[in-house]
Amino acid sequence: MRVWSLLKFYTLLVYSFMFAPIVVVLILAFNSSQFGGFPIEGFSLRWFYELAENEAIIRALRTSIVLGFLTAVIATTLGILASLALVRYQFRGKNWITTFLISPVLVPETVLAVGLLIFLRWLHMPRSFALLLIGHSIIALPFVVLVVQARLIGIRRDYEEAAMSLGASPVQTFFQVTLPLLMPAVFAGALFAFTISFDNITATIFWRPSGMETVPTQIFGMLRNSVSPEINALGFVMICITVGVPLLAGALARYFSRKKV
């Protein structure tokens, strides 16, 4: 019992050390003082109002939302098609394709970012929003494939065969039988893809065109100059989005699962 108590205490210390900086940012976002520090002088929403009036940050937030939405659409669409091919069909080179699709998870983002950038430079293609979108889709695709595959494996092929035996075409079977059963995984995969794109900074620094900023790169640029109280407010918004979206994905997945049952 004593060993388990020490293990629990050590685990609590580790998690406290990991999450303490996040808690500090959340608290300082409401500090009325211009100089972040403790003790807090008072509660204020001043920095959130100034954040809303900062055109550069609003522009970066708009870019991140659009980029995340498009990444979620592309990665989810390709992930559904890839999962259907890998789970429902047998073909030559299936294991190699599976490894290729999952490889962005295994390769460090810096290596992947530099490799794709060098390849495109070899093709004489400049950095652009399209390149950034392709890169984020590549990074998010493995997560969508893993989530959708796990759900698709649990769906019996009998449902699809029964629909086709009653006269439904393969396309009708997919949209009326398979896709509704896949919806929990589709929603979860799409929201995870959005979060991965929205929160990415390592690869974005290499792929973004000159003059374009996302929220993480905007924060990085602000930290290089000075530590402004607006950064704490922006960090609060980032934490709420990056934590809230996966929680929403899990809640939607459980809701749709119970609804289908």
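See the structure above.
Here is a short report on the structure shown in this document. (Residues numbered from 1 in each chain as written. Predicted model: local features only at pLDDT ≥ 70, side-chain atom pairs only at ≥ 80, totals over all residues. Heavy atoms only, no water.)

1. A word on the overall build of the protein
When helices and strands are counted, the protein shows eleven helices and zero strands. The N-to-C order of helical and strand elements in the protein reads α-α-α-α-α-α-α-α-α-α-α. For the protein, the proportion of its 261 residues judged to be buried stands at 38%. Once local pairs closer than 6 in sequence are excluded, the contacts in the protein between residues at least 24 apart make up 71%. Here the protein displays about 15,900 Å² of accessible surface, and carbon together with sulfur accounts for 70% of that area. (Helix = DSSP H or I, 4+ residues; strand = E, 2+ residues; numbered from the N terminus. Buried < 20%, exposed > 50% of the residue type's maximum accessible area, 1.4 Å probe, protein only. Contact = heavy atoms within 4.5 Å. Areas by Shrake-Rupley, 256 points an atom, 1.4 Å probe, with all protein chains shown as cover.)

2. Observations concerning the packing of helix α3 (residues 55-88) against helix α8 (residues 170-199)
α8 packs onto α3 with a crossing angle of 140° between their chain directions and a minimal axis gap of 8 Å. The orientation of α3 with respect to α8, classified from their angle, is oblique. As α3 runs across α8, the sense of the crossing is right-handed. Where α3 approaches α8, its residues Leu-61, Ser-64, Ile-65, Leu-67, Gly-68, Phe-69, Thr-71, Ala-72, Ala-75, Thr-76, Ile-80 and Leu-84 are matched on the opposing element by Phe-174, Thr-178, Leu-179, Val-186, Gly-189, Ala-190, Ala-193, Phe-194, Ser-197 and Phe-198. Grouping the amino acids of the contact of α3 with α8 by side-chain chemistry returns 15 nonpolar, seven polar and no charged. (Axes fitted to C-alpha atoms, helices over the stretch in contact; angles between N-to-C directions. Parallel < 35°, antiparallel > 145°, perpendicular 65-115°, else oblique. Left-handed = near helix turned anticlockwise from the far one by under 90°. Nonpolar A, V, L, I, M, F, W, Y, C, P; charged D, E, K, R; others polar.)

3. Some details on the pattern of salt bridges
Under the criterion given, the structure shown has one salt bridge. Between Glu-213 and Arg-208 there is a salt bridge whose closest N-O contact spans 3.4 Å. Residue class for Arg-208 comes out buried when judged on its relative accessible area of 19%. (Salt bridge = Lys/Arg side-chain N within 4 Å of Asp/Glu carboxyl O.)

4. Observations concerning the packing of helix α5 (residues 109-122) against helix α6 (residues 129-153)
Contact geometry for α5 and α6: axes closest at 12 Å, N-to-C directions at 140°. Overall, the two elements α5 and α6 adopt an arrangement that is oblique. Where α5 crosses over α6, the handedness of that crossing is right-handed. Mapping the contact onto sequence places Glu-109, Leu-112, Leu-116 and Leu-120 in α5 and Leu-131, Gly-135, Ile-138 and Ile-139 in α6. By residue class, the composition of the contact of α5 with α6 is six nonpolar, one polar and one charged.

5. Side note on the packing of aromatic side chains
According to the stated counting rule, one finds three aromatic pairs in the structure shown. Measuring from ring centre to ring centre gives 5.8 Å for Phe-194 and Phe-198, while their planes differ by 20°; the resulting arrangement is stacked. Residue Phe-194 and its partner Phe-198 are both found in helix α8; the two are separated by four residues, about one turn of the helix. Neither Phe-194 nor Phe-198 differs from the other in exposure class; each is buried. (Phe/Tyr/Trp six-rings, centres within 6.5 Å; stacked < 30°, edge-to-face > 60°.)

6. Observations regarding helix α4 (residues 94-106)
Because each turn of an α-helix spans 3.6 residues, side chains separated by three or four positions in sequence point in the same direction. The end-to-end C-alpha distance of α4, which contains 13 residues, comes to 18 Å, matching closely the 18 Å that a straight helix rising 1.5 Å per residue would cover. At Phe-100, α4 is deflected by roughly 30°, the largest bend along its length, and proline Pro-104 occurs up to four residues later in sequence. Check the buried side of α4 and you find it contacts α3, α5 and α6. (Expected span 1.5 Å × (residues − 1). Bend = angle between axes of the 7 residues up to and from the residue.)

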